[in-house]
Amino acid sequence: LRGRLAAAGIQTVDFSTSWWVGSDRATSSALYESGLDQRVAHLAHLMETEKIRLVVTNTSVVSEGALAARRRGIPHVWIIHEMATRIAELTPFVAPSEFYRTIQSLSCRVVTVSRHLRTEIHKHNPTVRVSVIHNSTLGFDHRPAVKRDGPPTILFAGAITHHKGIATLGRAIPLVLA
């Protein structure tokens, strides 16, 4: 996949993240907190040097992209694929209502990949505004306010895998920035 992205002119950069969820709360929380400021500072620096204009976090289990975007004042979209409250390894460190409130507070848009997942989020916090965009579909009618002064530069915070949809990001850019 990295080769296809490079052939399409899409630069990839690896960076360290740590889950802010986990079934062993004490151990997972300690690992997450260890080096958090450095990880966020590294991403914030990358956002500045690469002139990132939109950050997309494509999983609910890492927060560094959202925190760095907030630090830099860059719009952030959080795409949630996981049903964190039903999978032991994805149990949030805080109450689910606070977990989802935090996700919303760090994002200009929260997106899930199904109505069922949106319902699950609303069961824990009905005030979270959630858009549903099913995987592998086009059409995003809620656009964050992004300046259009040059080519788009986006930081995609998540694993570079086929199922995350990174290969279609280039086609989605005009829809997000329109």
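Structural notes, computed from the coordinates. All values derive from a computational prediction rather than experimental measurement.

**Observations concerning the packing of aromatic side chains**
Move 1: With the rule as written, the count across this model stands at five aromatic pairs.
Move 2: Ring geometry for Trp20 versus Tyr32: centroids 6.5 Å apart, planes at 35 degrees, classification tilted. Here Tyr32 lies in helix 2 (residues 25-33) and Trp20 lies in the loop between helix 1 (2-7) and helix 2, a separation of twelve residues in the sequence. The burial state of Trp20 is the same as that of Tyr32; both residues are buried.
Move 3: Summarising the aromatic geometry, the rings of Trp20 and Trp78 are spaced 5.9 Å apart at their centres and angled 20 degrees between planes, so their arrangement reads as stacked. Taken together, the positions of Trp20 in the loop between helix 1 and helix 2 and Trp78 in strand 2 (residues 76-80) put the pair 58 residues apart, joining distant regions of the chain. The same class applies to Trp20 as to Trp78, namely buried.
Move 4: Ring-pair connections join several aromatic residues into one group, and the members of that group are Trp20, Tyr32, Trp78, Phe93, Phe99 and Tyr100.

**Here we look at the side chain of Arg39**
Move 1: Residue placement: Arg39 occurs in helix 3 (residues 36-49).
Move 2: Exposure remark for Arg39: the relative accessible area of 10% places this residue in the buried category.
Move 3: Not counting residues within four places of it along the chain, the set of residues in contact with Arg39 comprises Ser16, Thr17, Ser18, Leu31, Tyr32, Ser34 and Glu64.

**Topic: the pattern of salt bridges**
Once their charged atoms are close, side chains differing in charge can pair, the charge on each being opposite to the other.
Move 1: Using the criterion set out here, one finds five salt bridges in the structure.
Move 2: Put simply, Glu98 and Arg101 hold a salt bridge, and the shortest N to O gap is 2.7 Å. Separated by three residues within a single helix, Glu98 and Arg101 lie in helix 5 (residues 96-105), roughly one turn from each other.
Move 3: Among the residues examined, Glu98 registers a relative accessible area of 32% and is labelled partly exposed.
Move 4: Judged by its relative accessible area of 40%, Arg101 is partly exposed.
Move 5: The closest approach of N and O atoms between Glu120 and Lys123, which form a salt bridge, is 3.3 Å. In this pair, Glu120 and Lys123 are both assigned in helix 6 (residues 115-124), three residues apart and thus about one turn of the helix distant.

Rules and cut-offs
- Residues numbered from 1 in each chain as written.
- Predicted model: local features only at pLDDT ≥ 70, side-chain atom pairs only at ≥ 80, totals over all residues.
- Heavy atoms only, no water.
- Phe/Tyr/Trp six-rings, centres within 6.5 Å; stacked < 30°, edge-to-face > 60°.
- Helix = DSSP H or I, 4+ residues; strand = E, 2+ residues; numbered from the N terminus.
- Buried < 20%, exposed > 50% of the residue type's maximum accessible area, 1.4 Å probe, protein only.
- Contact = heavy atoms within 4.5 Å.
- Salt bridge = Lys/Arg side-chain N within 4 Å of Asp/Glu carboxyl O.

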